[in-house]
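Each chain, written out:
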Amino acid sequence: MAVENITLSASVQDTQTSAAPETASPLDSGTDTEAANWTIHRDPQRAPGGSGFLPKAEPDLTIQPLDDFSTQEAEPVHLGEPIIQMKNIVKTFYIGEPNELQILHGIDLTVRRGEFVAVVGQSGAGKSTLMNIIGVLDKPTSGEYILDGVDVARAKDRELSAIRNDKIGFVFQTFNLVPRTSALKNVELPMLYAGVSRGERSRRAKELLGIVGMGDRMSHQPNELSGGQKQRVAIARAMSNDPAIILADEPTGALDSATGRLIMDLFHQLHKEQGKTIVLITHSNELAAETQRIVTISDGRIISERKGMA
């Protein structure tokens, strides 16, 4: 799928965060840079309320495609066939031990292609455990999980590794960027594992960094970036192999309100412009309300599902 280069439309700078010195990575190479075009635009229709963030003096942000960037126009979003199908998912830890603990109690969840879904719940509700199973970072103790046509329980380890790299783009609260490695090389990394050629890796990484407004920070290392800038690089990395699903775990949790608003706008852009399936894991009902469907989990059980405002 071709992607659109977009520009950030308001002048809001991310709050700079200090970072401890980081150890060198063998992946660190190259100093490719590319200037990004930015347009200044205020959106008077967007009110700060109802977004899950406290209003700030800075204007909210909108994201617009560059007219002169030669990519295909994204097709309208249409919900398709189920891409995530979970039936009676149970997860138990310390099986057979005195401290045996069951976290998930028969989860049934279906997400359709092109859907933007929030899984919301308080700490200890089982969100992280469910996220790990959705992302094939862990297997259920029992139950059936079909991910984009693949029966996860029957898949071999090598196939599961390929699924994680090709079908799922991860965005974490703590960014998880490779230290002492440029933003460009961080975005290239999943494509390296997928066997994409060097030239194509570089071209697509530059394109994706432009999309998230980081075209002028390609050669910067994580300790030279603010929290919001790191998260934008992480989103670009999540998109690098054009995954079927973007799985975002509290992606705004470590950010200030204005920067968090920008990150949520990026997710909306990816969903609306490119039809991406997005599963947002959050404790915030306000953020969850921005999605198409809200799944509430409590004590390891889905207790409600309702429509969002997207």
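Refer to the structure printed above.
Please read these numbers as outputs of a predicted model, since none were measured by experiment.

Colleague: Any chance you could explain the pattern of salt bridges here in plain terms?
Modeller: If the charged atoms of two oppositely charged side chains come close together, the side chains can form a pair. The final tally for this structure, using the stated rule, is 15 salt bridges. Its salt-bridge partner being Asp138, residue Lys91 comes within 3.3 Å of it at the nearest N-O pair. One end of the pair, Lys91, is in strand 3 (residues 82–93); the other, Asp138, is in the loop between helix 1 (127–134) and strand 6 (142–147), with 47 residues separating them in the sequence. Measuring nitrogen to oxygen at the nearest pair gives 3.1 Å for the salt bridge that ties Asp265 to Arg261. Of the two residues, Asp265 and Arg261 both sit in helix 6 (residues 257–274), four residues apart, roughly one turn of that helix. Take Asp265 and Arg261: they sit in the same class, and that class is buried. Overlapping salt bridges bring together Glu81, Arg113, Asp148 and Lys167 as one network.

Colleague: Honestly, the sheet that holds strand 11 (residues 293–298) in this entry has me stumped. Any pointers?
Modeller: In any sheet, the strands associate via hydrogen bonds between backbone groups, in a parallel or an antiparallel arrangement. One open sheet holds the six strands; their spatial order is 8-9-10-5-11-12, and the pairing between them is mixed. Each edge of the open sheet carries a strand with a single partner, namely strand 8 (168–172) and strand 12 (301–307). The average undirected angle you get between the axes of adjacent strands in this sheet is 15°. As defined by bridge partners, strand 5 (residues 116–120) adjoins strand 11 across four bridges and the pair is classed as parallel. When the sheet's bridge partners are listed, Val119 is paired in strand 11 with Val295.

Colleague: What is the right way to read the environment of Pro140 from this model?
Modeller: Structurally, Pro140 is set in the loop between helix 1 and strand 6. A C-alpha to C-alpha distance of 9.3 Å links Pro140 and Thr129, two positions eleven residues apart in sequence. In contact with Pro140, not counting residues within four places along its chain, are Ile89, Val90, Lys91 and Ile133.

Colleague: Explain the packing of aromatic side chains to me, please; I cannot follow it from the model alone.
Modeller: For any pair of aromatic rings, geometry is given as the distance between the ring centres together with the angle between the planes. Overall, the coordinates contain one aromatic pair when judged by the stated rule. Relative to Phe172, the ring of Phe170 lies with its centre 5.7 Å away and its plane at 5°, an arrangement referred to as stacked. Across the ring face of Phe93, the terminal group of Lys91 is positioned such that the distance to the ring centre comes to 5.2 Å.

Reading guide: rules and limits
Residues numbered from 1 in each chain as written. Predicted model: local features only at pLDDT ≥ 70, side-chain atom pairs only at ≥ 80, totals over all residues. Heavy atoms only, no water. Salt bridge = Lys/Arg side-chain N within 4 Å of Asp/Glu carboxyl O. Helix = DSSP H or I, 4+ residues; strand = E, 2+ residues; numbered from the N terminus. Buried < 20%, exposed > 50% of the residue type's maximum accessible area, 1.4 Å probe, protein only. Pairing = 2+ DSSP bridges. Axes fitted to C-alpha atoms, helices over the stretch in contact; angles between N-to-C directions. Contact = heavy atoms within 4.5 Å. Phe/Tyr/Trp six-rings, centres within 6.5 Å; stacked < 30°, edge-to-face > 60°. Lys NZ or Arg CZ within 6 Å of the ring centre and 35° of its normal.

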